[in-house]
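Take a look at the letters that make up each chain.
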Amino acid sequence: MTTVDLSRNEFLSTVQKACVGAGSDSALAADIANACLELEAAGLASLAHLLPLLEAAAHLPARMAAQPYAHSQNGFFTHEVVMLRNGASAMDHLCLATLTVAQCDDLVLLAALIVSGCRARGRFARIIAPGIPWAHLDHAYVVTAPERLVGPITVRFVPVEDHAALGLPPLPARLSVGMAHWAALKAAADAVLVPANDTTRLRDAGAGLNDND
Amino acid sequence: MMQELNTAQPFTQNGAYMRAPDDVMRLSQLGSFFPTRLSFLRLLLRDLAEDDANGIWTDWSMDDAGYGHAVYSVRLDGYVFSLIAHTAALDADDRTDRVIAEAWDACFVLFDGVPNANDIATLRAPALVQEAGRFDDRVLVLSRANKSVRLFDHVVEKLAAGEQPDLDRVATTGYLMRTTAVYGNGKFGIADRSKVARNAGLARPFRLEMLTVYLIREFTFALAEHVASRHAGADCALAGPIKRMLGIGNSTGLGMAPFLVNHPALLNAWVEAREQALARVCAQENAEVAASQAWPDLLDRAGHYLTAWKIPDKDEQERIGRLAQAFETAKPVFTAMVDQPFPFAKIIDHARSVSVDLEELMIALALEPHGPLIDDLADTMSSDSGSILEPSQTLAELCATLDTHYAWCDADVFATPGAMTWYVSEEKSEPRFGVDGPHFSPHHRLPLDTARQVVALRADLEDWLNTSDAGETVAAFLCAHPQHRRVIQRVQLIATYPYGEIRDDLVSHRTRPIDMLRCKLSFFGADGFDPKSDRWTRVRLFAGAPCMDELTGDTADAGFLFPARPDVLAGDCAEQTEDVSNPVPA
């Protein structure tokens, strides 16, 4: 497969734009971008997980941002692409309680959201799930997951002193992404762009037209 | 536009000599900033001087007209970096500073190390198309520039005739080329900042972007001298004082405005360092001898500078005129105050009582002679801190932060949507600022409407706290109101980085994006602020700076702030026309 060499910043910013284009708010989009980087660090093709969710979101009338949010004492119940928002909230709750997500579209990406949130906070989560799509159990790092898995997934917050000892791989400085995936991601990111014309060039950019001096 | 009067209390009365974020982080204040000795290009030159840096042309392959390529290499902070320059003929019709341009007089990459012939050849094609090219992480910065054709041609013509250029023409334009974009941090595949920031020196903000522009300035001198020499058939050299007066022009649009909102920890680091520096200076009970001796000359330089600062925009020129008048009126007071107790606190207070513009001008002047006292603050101006939500924070703690840092978000003012919105144009993904309306979808709007987000958060918090305990966590609140996740994250961050928030409405029809541009450009060290609209400006970088071959610990800062006009230095020019150092290979 033809690949493209990307800087980390380029990858993260494009994922963020694609998520915002699909209806995510910017904070969640940043979390998802970091989760994708976490997947790449684990050797997984993050865009293979993300792009179907973005595609699904693009076809939902209310999009990601407006989906209802379900929560009960038993945990978070997700459906469709709402898991992305719930994944972020799952991170938020890691400090507070054991969390069970009953079902979602892409547990691998959900787990990555949790792992990246923990990495950023210097905390760690123990993720227990059927098939162990992405699990850190007693420092074991397993990435032999099926591409898509239906829950439940249980997350339990585990404080650790030595983050490095958990064996998280370093986040990649450069990324090699499949050309088709990259093209699809950039197309999704283009949803945030606004068409331009001569009027907006002059009025909204405020720039002149003749720069010879 | 009316000059804004400063209604804040004299800060010498609060005892701490530190201006509050509520005073500093207003658009009107930020939009009046001047460069200081803590500006990034000043830090670069001091570090280059400390490194005893000396650039060399490792390749100079230019034809008689100055088209071809050249490579200039320099060592900084223990590493060698090379500017690769490619030039080509450009029709006048194609010469535009707008980011949508597709051709330029010169294109540049800053290369990690010294490129070999193959590197130069393979990077040529992508460098010439800039944003349309793909790069790898050997490339650290990408840039391009257009000539000021009239001044460039004039300089070449005069040098070829054995003369120096007309000083008035040099002063009026101020640069031989102006950059229209300088890209760093991973754009188009170039190296991320994480690779660039290898040590404390290289981790300084925009360090390699500043280096690139400085090397481009060296290139413009060499190019003009090369073309003139080929025309004349003999070596031609631009006089040192004229070189020093010439900076690099820069056309800057809205691209840099959202940066300030999107990097609150970094903005805080910049502003807090500046405010700490001011506080240290103002806490001095008596002026140090060196500062006292330098003060009259600094005041004179500022006066000359304000008088010479001429721009086409009528409103902005009137503003400069008012500042110049206010400065001249107050100058005897500032002269006398330097010998009084707590001189700089009094000077700033007096300036503050007159206008925001005068206050900021005098801050730049007050910091200038205090290098030994404040230069260490440069080490605090970097920040890679991200924003992580703290879910276990209680709602009571969140409300307290809102009360402390967001009291300016008046619910009556910000209850309705803003009249304007920030969005990203499809043209090279550049930010723009336009009238809001139904033609924008929610995902088109950049979330720069912080005040309105805070007002909406407060409303939902009040409802929540009517039935729930303030000891509940942010995480619990967000279960019911996930739409506030971003703004809560931001509020939590600002509690630690209070100078990281612009405390003003950024989506009002009264908002002037140019204020954000001037703030950021002042930290770069840009001068000659020349707004072409409230969204776009031209500036100069490195005007007044010593050239590479002149850099020493003594010269790195000398005469830099508010550089004097060349006509003031006319006598020097005649003396130095024979001074040719680091000549371009013939």
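Cut-offs and rules
- Residues numbered from 1 in each chain as written.
- Chains lettered and ligands numbered in written order.
- Predicted model: local features only at pLDDT ≥ 70, side-chain atom pairs only at ≥ 80, totals over all residues.
- Helix = DSSP H or I, 4+ residues; strand = E, 2+ residues; numbered from the N terminus.
- Rg over C-alpha atoms; globule rule 2.2 N^0.38 Å.
- Contact = placed C-beta atoms within 7 Å.
- Pairing = 2+ DSSP bridges.
- Axes fitted to C-alpha atoms, helices over the stretch in contact; angles between N-to-C directions.
- Buried ≥ 20, exposed ≤ 12 C-beta atoms within 10 Å, placed from the backbone.
- Core = buried A, V, L, I, M, F, W, Y, C linked by C-beta atoms within 7 Å.
- Nonpolar A, V, L, I, M, F, W, Y, C, P; charged D, E, K, R; others polar.
- pLDDT = per-residue confidence, 0-100.
- Expected span 1.5 Å × (residues − 1).
- Left-handed = near helix turned anticlockwise from the far one by under 90°.
- Parallel < 35°, antiparallel > 145°, perpendicular 65-115°, else oblique.

Quick look at the overall build of chain B
The helix and strand inventory of chain B stands at 23 helices and 11 strands. Over its C-alpha atoms chain B spans a radius of gyration of 25 Å, differing by no more than 12% from the 25 Å that the globule rule assigns to 586 residues. Taken along the three principal axes of its C-alpha coordinates, chain B extends 85 × 60 × 45 Å. Long-range pairs, those at least 24 residues apart, make up 77% of the contacts in chain B between residues at least 6 apart in sequence.

Things to note about the sheet that holds strand S11 (residues 536-541) of chain B
All names here are of chain B. Read from one edge to the other, the open sheet built from 9 strands follows the order S1-S2-S3-S4-S5-S6-S7-S11-S10, with strand pairing classed as mixed. The open sheet terminates on both sides in strands that have one partner only, identified here as strand S1 (56-62) and strand S10 (527-533). Taking the axes of each pair of neighbouring strands and ignoring which way they run, one obtains an average angle of 25° across the sheet. Two elements, strand S5 (residues 139-147) and strand S6 (residues 175-183), share 6 bridges in a ladder whose sense is antiparallel. Looking at the pairing, asparagine 146 lines up with arginine 178 of S6. Against the sheet, helix H8 (residues 207-232) touches S1, strand S2 (68-76), strand S3 (79-87), strand S4 (106-112), S5, S6, strand S7 (247-252) and S11, its axis set at about 150° to S6.

Concerning helix H3 (residues 40-50) of chain B
Residue and element names in this part refer to chain B. The complete set of buried residues in H3 reads Phe40, Leu41, Arg42, Leu43, Leu44, Leu45 and Leu48. Where H3 is buried, its residues touch S2, H8, helix H22 (513-524) and S11. Backbone geometry just after H3 places aspartate 52 at a positive phi near 55°.

A few points about the nonpolar core
Formed by 215 residues in total, the largest nonpolar core has its most connected members in A:Val15, B:Leu83, B:Val109, B:Ala224 and B:Ala366. The element that contributes the greatest number of residues to this core is H8(B), accounting for 14 residues.

So, the interface of chain A and chain B
The partner chain B presents 56 residues to the 43 residues of chain A that form the contact. Put simply, the parts of the chain that give the side of chain A that touches chain B at least two residues each are strand S1 (3-7), helix H1 (8-21), helix H2 (26-41), helix H4 (83-93), helix H5 (107-121), strand S10 (193-194) and helix H7 (198-203) of chain A. Of the residues assigned to the side of chain A that touches chain B, the class counts are 19 nonpolar, 12 polar and 12 charged. Two strands pair when backbone bridges link them, and S10(A) and strand S8 (residues 420-425) of chain B are joined in this way by 2 bridges, in the parallel orientation. Bridging across to S8(B), A:Leu193 finds its partner in B:Val424.

So, the confidence of the model for chain B
All names here are of chain B. Across chain B, the average pLDDT comes to 90, with 93% of residues at 70 or higher. Here residues 1-10 is modelled with pLDDT under 50, and outside its nearest four sequence neighbours on either side it reaches 18 contacts, counting other chains as well. Here residues 569-586 is modelled with pLDDT under 50, and outside its nearest four sequence neighbours on either side it reaches 27 contacts, counting other chains as well. For this predicted complex, the interface confidence reaches an ipTM of 0.87, while the overall pTM sits at 0.89.

Overview of helix H14 (residues 343-354) of chain B
It helps to recall that an α-helix has 3.6 residues per turn; residues three or four apart then point in one direction. All names here are of chain B. A rise of 1.5 Å per residue sets the reference length of H14, with its 12 residues, at 16 Å; its end C-alpha atoms lie 17 Å apart and thus fit the reference within 8%. Those residues of H14 lying buried are Pro343, Phe344, Ala345, Ile347, Ile348, Ala351, Arg352 and Val354. Structurally, H14 contributes buried residues whose contacts are with helix H11 (264-282), helix H13 (314-337) and helix H15 (356-367).

Structural notes on the confidence of the model for chain A
Of all residues in chain A, 50% have pLDDT values of 70 or greater, and the mean over the chain is 66. For the stretch residues 60-98 of chain A, pLDDT sits under 50, and the model shows 102 contacts to residues farther than four places along the chain or on other chains.

A short note on the environment of B:Asp357
Considering the arrangement of structural elements, one finds B:Asp357 in helix H15. When the 25 C-beta atoms within 10 Å are taken as the criterion, B:Asp357 is described as buried.

Brief notes about the sheet that holds strand S9 (residues 431-435) of chain B
Taking strand neighbours across the sheet as the criterion, the 3 strands line up as S10(A)-S8(B)-S9(B) in an open arrangement whose pairing is mixed. The two strands at the open ends of the sheet, each matched to only one other strand, are S10 of chain A together with S9 of chain B. Of the strand pairs in this sheet, S8(B) and S9(B) are connected by 5 bridges, and their pairing is antiparallel. Bridging from a neighbouring strand, B:Tyr423 pairs with B:Arg432 of S9(B).

Remarks on the environment of A:Ser13
Residue and element names in this part refer to chain A. Mapped onto the elements of the fold, serine 13 is located in helix H1. Residue classification places serine 13 among the partly exposed positions, given that 19 C-beta atoms sit within 10 Å. Once the C-alpha coordinates of serine 13 and valine 194 are considered, the two residues, 181 residues apart in sequence, prove to be 17 Å apart.

What to know about the packing of H13(B) against H15(B)
Residues and elements named next belong to chain B. Where H13 contacts H15, the two axes come as close as 9 Å, and the packing angle between them is 65°. Between H13 and H15 lies a crossing of right-handed hand. Residues Arg319, Leu323, Ala326, Phe327 and Ala330 of H13 form the contact with H15, whose own contacting residues are Asp357, Leu358 and Leu361.

Comments concerning the environment of B:Asp59
Residues and elements named next belong to chain B. Mapped onto the fold, aspartate 59 is located in strand S1. Judged by the 20 C-beta atoms lying within 10 Å of it, aspartate 59 falls in the buried class. Separated by 26 residues in the primary sequence, aspartate 59 and alanine 85 have C-alpha atoms spaced 10.0 Å apart. Apart from residues no more than four positions distant in its own chain, aspartate 59 is found in contact with His69, Ala70, Val71 and Ile120.

As for the packing of H2(A) against helix H21 (residues 485-496) of chain B
Two elements in contact, H2(A) and H21(B), have axes whose closest approach is 7 Å; the angle formed by their N-to-C orientations is 85°. As far as their axial angle goes, H21(B) and H2(A) are roughly perpendicular. Contacts from A:Ser26, A:Ala27 and A:Leu28 of H2(A) reach H21(B) at B:Arg485, B:Arg486 and B:Gln489. Of the residues assigned to the contact of H2(A) with H21(B), the class counts are 2 nonpolar, 2 polar and 2 charged.

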